[in-house]
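Residue-level structural notes
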Amino acid sequence: MSASVSTAPSTTPAKVTPSAHTSTGRLGWLVLPALLFFVVFAVVPLIGVFVLSFTSWDGIGAISFTGLKSWTAVLTDPGLPHALWVTFLIIVLSWIAQTPLSILLGVFISGSQKYRAVLAVLFFLPLLLSAAAVSIAYKALLDPNFGLGPGLKLAILTQDWLGKSTLAMGVVIFIIAWQWIPFHSLIYQGAIRQIPTSMYEAAQIDGAGRVRQFFSITLPQLKNTMITSSTLMIVGSLTTFDLIFVLTGGGPNDATRALALDMYLTGFRANQMGLASAIAVILVVVGLILAQVLQRLGGKERNSQLEGA
Amino acid sequence: MATQTATRRTGSSRSAGAPANGTTARKNWLGGAFGWLWLLIVLIPIYWIVITSFKSSAGYFGTNPLLPSATPTLDNYKLVLQNDFVRYFMNSVIVTVGATIPAVLISFMAAFAIVRGAGRWLKAVNALFLMGLAIPLQATIIPIYLIIIKAGMYNSLGAIILPSIAFAIPLTVLILSNFVRDVPNELFEAMRMDGSSEWGTMWRLAFPLTRPALVTVTIYQGLQIWNGFLLPLIFTDRADLRVLPLALWTFQGQYSVNIPAVLASVVLTTLPILVLYIVGRRQLLSGLTAGFSK
């Protein structure tokens, strides 16, 4: 917990306590518009995807119940463990690529020097581009015949980036990091600024050096932020679709065919909505498990915080 | 929750210009070196995209890729504009405005009720919205597709707008309710003394006081919807209904060998967002810090 814990009890009760316990009846209807949208386009579909996973549907014709047929097909298809493995790789590798660099960059832009704020504004630029735009631009930039590498006649940049399995995965991870590291460093920057100076002063008196201060003060104080940031990263990686769809279409040889893309291709390209629904249910389950794990890591005392992600 | 609220308030006042602490003004060689290195990593591709988009499609490959063209041309931009860019731009504007504004308004009403009201009903609704944060909503796309077809909405901008509103609700309600909670209770009491209805209090007191948060979530959700790809891809297949990301993708499919033209389309689709970012960057950056660094 960050130092602000100590200020919480004194400032919050007066502001948080709802005064109008009797007003529920008059206020209850205000949630209805939002609730209506959420039920129709999130809750019903969530139940629906479960139901559809027991049917056979080509996306146009009639829907017929086929029991466990879709599930048997999905669970015995080697495509599923492969898609899970690809998704797992993207989650883990993009976390490893982003987290240390985001913290480092967050520490850097949290400094008070003016130019660092200017840099932060520039760092944020990639986030304005759509995943489609980023993928298209990188596809051009990495083109083995007409891209940046052959233009500069640099052999190391002139590779069949999207044609080789490991390279394509590397490119996906790099682009995720390129686009999202600035966002996460902004989150870390906000948290770093909340660490009280007194902690560093005390450490200085104790003779702790800069590196020591980073590891024994900054890093532990960032624990909660790290969980918020990691949750966003993991959920983002789990549902990566646009980027891979435009960049590689899942190739080469399905090397980047992650779960969300697998669902789309099975449902809307191969017209097997029943199978795709089963994959979607697996996607939901994986998402819920990951959310639970992260919540546990965060400890019980801060369970409401995760919801902020 | 209480901790969260207090912490966030500290965060937002800090980013509003109060003296920072922690690593203030200390030299940090590693961070500094990496900061400048990252600047290059961010800017070189963007720089390359922009300068290449002004090169002629025929002669671009012979030139140094990192030097601007000696004879810049607007031909690529003309080609993109001739390919119905204006229509796609308008589609994107309609979808983004049509989804973001209602989403933020109904989320604000819900957030107000959740914070100011009490009882099991509102608690249950809040829990339902929070659940929406843990579930990858993309996974619900197939049943939504079925709903859209049954409602006769396939191939309409409404088919993109309605689910976008629903997907934006959980996070928007969460952030806005944190901010409504920050409004001092005495102000609500004063409004009540003056005989204001809850409806009036909501719009005349809570709405103006949560304005910074409202602007931030509007920008954030607007950006998400503007850049959205999956919903337009699945719910429309008519050329005149394409939104920009989808148009970009089809354009790239048609002109993939004409790299300068493809890059011009990337620049052109990002330009409106860039202009908005230049205008509202302070709001967005400090708002995001306040919203996520809890």
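Residues numbered from 1 in each chain as written. Chains lettered and ligands numbered in written order. Predicted model: local features only at pLDDT ≥ 70, side-chain atom pairs only at ≥ 80, totals over all residues.

1. Some points on the overall build of chain B
Scanning chain B for helices and strands turns up 13 helices and zero strands. The helix and strand sequence of chain B, counted from the amino end, reads α-α-α-α-α-α-α-α-α-α-α-α-α. Considering chain B as a whole, with its 294 residues, one finds that 51% of them fall into the buried category. Here the contacts in chain B between residues at least 6 apart in sequence split such that 78% fall between residues at least 24 apart. (Helix = DSSP H or I, 4+ residues; strand = E, 2+ residues; numbered from the N terminus. Buried ≥ 20, exposed ≤ 12 C-beta atoms within 10 Å, placed from the backbone. Contact = placed C-beta atoms within 7 Å.)

2. What about the confidence of the model for chain A?
All names here are of chain A. Scored by pLDDT, chain A has a mean of 83; 88% of the residues are at 70 or more. Every residue in residues 1–24 scores below 50 in pLDDT, and together they form 47 contacts with partners more than four places removed in sequence or on other chains. Of the regions scoring below 50 in pLDDT, residues 300–309 engages in 25 contacts with residues more than four places distant in sequence or in other chains. (pLDDT = per-residue confidence, 0-100.)

3. What to know about the environment of Gly98(B)
In this fold, Gly98(B) is placed in helix α4 (residues 85–116). Taking the C-alpha atoms as reference points, Gly98(B) and Ile160(B), 62 residues apart in sequence, are found 9.8 Å from one another.

4. As for the packing of helix α9 (residues 165–192) of chain A against helix α12 (residues 223–238) of chain A
All names here are of chain A. Remark: α9 packs on α12, axes separated minimally by 10 Å, with the N-to-C direction vectors making an angle of 160°. With respect to α12, the element α9 is oriented roughly antiparallel. For the pair α9 and α12, the sense of crossing is right-handed. Contact residues: Trp-180, His-184, Ile-187, Tyr-188 and Ala-191 in α9; Thr-225, Thr-228, Ser-229, Met-233 and Gly-236 in α12. Grouping the constituent residues of the contact of α9 with α12 by class yields five nonpolar, five polar and no charged. (Axes fitted to C-alpha atoms, helices over the stretch in contact; angles between N-to-C directions. Parallel < 35°, antiparallel > 145°, perpendicular 65-115°, else oblique. Left-handed = near helix turned anticlockwise from the far one by under 90°. Nonpolar A, V, L, I, M, F, W, Y, C, P; charged D, E, K, R; others polar.)

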